[in-house]
Amino acid sequence: DVVRPRNAAVADSLQRQLQDRLEKTIAVFIQDRSPELGNVGVEANLSPEQIALLANAASARYEISGGETPWTGEQDLSVKFFDRQSKSQQFRVRCRIRPLPQILVSARNLPKGYIVRPEDVARKQLDPTTDKGTGVENPELVVGRETTRTLRAGDAIRPSDIRGVPLVRRGD
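Residue numbers here run from 1 along each chain, matching the order of that chain's written sequence. In view of the model being predicted, local features appear only for residues whose pLDDT reaches at least 70, and side-chain atom pairs are presented and counted only at 80 or more, with totals across whole chains, interfaces and linings using the full set of residues. The side-chain quantities take in all heavy atoms of the structure and omit both hydrogens and water.

1. Quick notes on helix α2 (residues 48-55)
Here is step 1: Listed in full, the buried residues belonging to α2 are Gln50, Ile51 and Leu54. Looking straight down α2, one finds its buried side chains confined to an arc of 100°; they lie on one side. Exposed and facing more than 90 degrees away from the buried side of α2 are Pro48 and Glu49. For every residue, the accessible area (1.4 Å probe, protein chains only) is compared with the maximum for its type, and the residue is labelled buried under 20%, exposed over 50%, or partly exposed between those bounds. In this text, helices come from DSSP runs of H or I with a minimum length of four residues, and strands from runs of E with a minimum of two, each type numbered from the N-terminal end. Think of it as the arc spanned by the lines of direction from the helix axis to the C-beta atoms.

Following this line, the structure appears as structure tokens:
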């Protein structure tokens, strides 16, 4: 009984790694076909048989083909690779492709206590490999509000970085 859950956890981890690797490869394929989409999120619906085929791949190099414009939504793609016996393997996979959201970033350095103006913010598309946490997407939630910390140019603006402008300050 003790070995079984560990093996199940290892199998789940391996499956997630294989699926992540394939989804990243598909994301690069989509970005090459449609750069204006920027970073995309990919959800591949893999069967246990397809996971087993990927586990038997000789390398992490997959050739992706298929799909159609506008390159978002449900896409049917073909995955081709060589297994450990140097035999070519191929299967079709249905994926959901979506552009990642854009968040607001500081267009320039903003000091703590600064009232944010429209020209102080810019949009940036999330990068799943580097952007962690949540950023503000709606400029109406930022413009006219006060910064609670110094924001450097390019910093994502989080809800905790801004607050309503106090009507009365200490000492007024």
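2. Here we look at the confidence of the model for the chain
Here is step 1: Along the chain, pLDDT gives the predictor's confidence residue by residue, from 0 to 100. Averaged over all residues, the pLDDT of the chain is 86; the fraction at 70 or higher stands at 90%.
Here is step 2: Note on definitions: a residue-residue contact is assigned when non-hydrogen atoms from the two residues lie within 4.5 Å. Scored below 50 in pLDDT, residues 1-5 makes zero contacts in the model with residues more than four places away or belonging to other chains.

3. Quick look at the nonpolar core
Here is step 1: Core analysis: the biggest nonpolar cluster contains 24 residues, and Ile26, Tyr62 and Val93 have the highest contact counts within it.
Here is step 2: Broken down by secondary-structure element, the contributors of at least two residues to this core are α1 (3-33), β1 (40-45), α2, β3 (73-82) and β4 (88-99).
Here is step 3: A per-element tally of this core places α1 first, with six residues.
Here is step 4: Ignoring sequence-local partners within four residues, the contact set of Tyr62 consists of Leu18, Arg21, Leu22, Thr25, Leu54, Ala57, Val79, Lys80 and Phe81.
Here is step 5: Listed in part, the nine residues of the second largest apolar core include Leu110, Val116, Val142 and Ile162. Among buried residues, those of type Ala, Val, Leu, Ile, Met, Phe, Trp, Tyr and Cys that are joined through side-chain atoms within 4.5 Å constitute a nonpolar core.

4. A word on the sheet that holds β1
Here is step 1: Between any two strands, at least two bridges found by DSSP are needed for them to pair. The four strands are arranged β1-β4-β3-β2 in an open sheet whose pairing can be described as antiparallel. Each of the sheet's edge strands pairs with one partner strand only, and the pair in question is β1 and β2 (63-66). Ignoring which end each strand starts from, the neighbouring axes of this sheet average 40° apart.
Here is step 2: Examined bridge by bridge, β1 and β4 share six bridges and lie antiparallel to one another. Bridge pairing in β4 links Glu43 to Arg96.
Here is step 3: Docked against the sheet, α2 engages β1, β3 and β4, running at close to 115° with respect to β4. For helices, the axis comes from a line fit to the C-alpha atoms of the stretch in contact; other axes are also lines fit to C-alpha atoms, and the angle between any two N-to-C directions lies between 0 and 180 degrees.

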